[in-house]
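# Descriptive structure summary
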Amino acid sequence: MGNLTATRPLQPWTAPTASDPVAVTLRLPGSKSMTARALVLSALASGPSTLAGPLRARDTELMAAGLRAMGAHMSISDDDRWLVRPHRLVGPAHVDVGLAGTVMRFVPPVAGLADGQITFDGDPHARTRPLGPLIGALRSLGVRIDVAGADSLPLTVLGAGRVVGGEVVIDASASSQLVSGLLLAAPRFDRGVVVRHVGPPVPSAPHLRMTVQMLRAAGAAVDDTTPDVWAVEPGPLTGRGWEIEPDLSGAVPFFAAALVTGGEVTLQGWPHSSAQPLERLRTLLQQMGGEVTLTTTGLTVRGTGAVHGIEADLSDVSELTPALTALAMLADSPSRFSGVAHIRGHETDRIAALAREFAALGADLTESRDGLEIRPRPLRGGTFRTYADHRMAHAAAVAGLAVPGVELDDVACTSKTMPEFPALWSAMVTGKS
């Protein structure tokens, strides 16, 4: 079923401690979420597309490689502009998902449209990430799938060159990607798709709104007026130019640095209208002691010299949990985060990992089923394990701003979404580019 990605060497890294307020203007890579969706929609379109300002990172390169393996033409040598030319999708092919939820959940529905066998596998931990609901949904829509063991990787899609489509019921409480994956390929299904979610609330609602917005931008007819129901009509997708926004989730650690140090961080190139959850982030950062402004220069976050604890349901912005947890460790009052039980199934069990690693640095925090309670007290340096999870590395870097001697066991895991992170972070803290 294909080889697992070779284990890469760990790269220890001591997080730099800030002696002065940070003051930096950054231009960060493009949104992983937008890049992944644009690649899928472009591979299924009726004509060529371009991606301006895409994210070049492990997850997006794996997405491009997976679609290329099935026949799509991908030109991604230019960092600033990628070209996608759709082509007939065929097997046999192998897709390495790495540890990317987007690849393992967006590409199998596309593989159903291919003519031939498409095998999927990835990093060892990828085999523990939830895929059962997607496998069941695809089977009910007419896709043949062979699974070696439990409803997880490795698996083989026996593509027939077409997918019947129709109505499907799914429990997507583990990940909004389970719905997005079905919707992105649905215009190419014979009957489109009607997806009905039944179960606890679907997390990360802004990501579903992004999926719907981008489908419509590509010419698809999508009805999402009924709660927990998404209907996509069959029809052609249009090749187009995609302008990829800076990655808001990737910017959050840098914004947190402004609060921790009482400094100022500006993210260049931020659009005035965005598919990402800016207003939600603005509210959270303001509650924690930041000032957030959007000007023609970019999106600016200023620290006020104090960090405050908050109580917040982060179900719609769960990717922010690690960085906000680190920020809460350095606050002047307790915090409680809830609504993120599903992040136990991300790159690692993020709730357990955050509790374990911050406790090792002397933190007082309690793990709940769906979140964390944090009672700030002085922390000490030490080794912080990242579990190959980029967001864990971001959390450790934020804590290291105020706590000397925080050593990440592996900073290279940040290449998943931002290979430049260690250099950008160090330059911000030291003031040297």
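All values reported here derive from a predicted model rather than from experimental measurement. (Residues numbered from 1 in each chain as written. Predicted model: local features only at pLDDT ≥ 70, side-chain atom pairs only at ≥ 80, totals over all residues. Heavy atoms only, no water.)

A word on helix H4 (residues 132–140). Taken together, the buried positions of H4 are Leu-134, Ile-135, Ala-137 and Leu-138. Along the axis of H4, the buried positions cluster into a sector of 165°, meaning they face one direction only. Its buried side turned inward, H4 meets helix H3 (101–111), strand S8 (144–147), strand S9 (155–160), strand S10 (166–170) and helix H5 (177–185). Count one or two residues on from H4 and you reach Gly-142, which has phi positive near 105°. (Buried < 20%, exposed > 50% of the residue type's maximum accessible area, 1.4 Å probe, protein only. Helix = DSSP H or I, 4+ residues; strand = E, 2+ residues; numbered from the N terminus. Arc of directions from axis to C-beta. Contact = heavy atoms within 4.5 Å.)

What follows deals with unusual backbone geometry. Omega for the peptide link from Gly-91 to Pro-92 comes to 5°, which places this bond in the cis form. Tracing the chain through its elements places Pro-92 in the loop between strand S5 (81–85) and strand S6 (93–96). The peptide bond linking Leu-153 to Pro-154 adopts the cis configuration, its omega dihedral lying at -5°. Positionally, Pro-154 belongs in the loop between S8 and S9.

So, about the side chain of Thr-386. Within the fold, Thr-386 resides in the loop between strand S22 (382–384) and helix H11 (390–400). For Thr-386, a relative accessible area of 0% gives the class buried. What Thr-386 contacts, discounting residues up to four positions off in sequence, is Met-392, Ala-393, Leu-408, Asp-409, Asp-410 and Cys-413.

Attention now moves to the confidence of the model for the protein. Mean pLDDT for the protein: 94, with 98% of residues reaching 70 or above. Taken as a whole, residues 1–7 scores under 50 in pLDDT and shows 18 contacts with residues more than four places along the chain or in a different chain. (pLDDT = per-residue confidence, 0-100.)

Let us now look at the pattern of salt bridges. In the structure shown here, the tally under the stated rule is 24 salt bridges. Across the salt bridge formed by Arg-391 and Glu-319, the nearest N and O atoms sit 2.7 Å from each other. Here Arg-391 is found in helix H11, whereas its partner Glu-319 is found in the loop between strand S18 (311–313) and helix H9 (321–329), with 72 residues between them in sequence. Here Arg-391 and Glu-319 have matching classes, each one buried. Linking Glu-373 and Arg-375 is a salt bridge whose minimum nitrogen-to-oxygen distance equals 3.8 Å. Among the charged side chains, a salt-bridge network with shared partners connects Lys-32, Asp-59, Glu-319, Glu-347, Arg-350, Asp-389, Arg-391 and Lys-416. (Salt bridge = Lys/Arg side-chain N within 4 Å of Asp/Glu carboxyl O.)

With that out of the way, let us pick up the pairing of strand S20 (residues 364–368). As judged from the 5 bridges shared by S20 and strand S21 (residues 371–375), these two strands associate in the antiparallel manner. When the sheet's bridge partners are listed, Asp-364 is paired in S21 with Arg-375. Count of turn residues in the S20/S21 antiparallel hairpin: 2 residues. (Pairing = 2+ DSSP bridges.)

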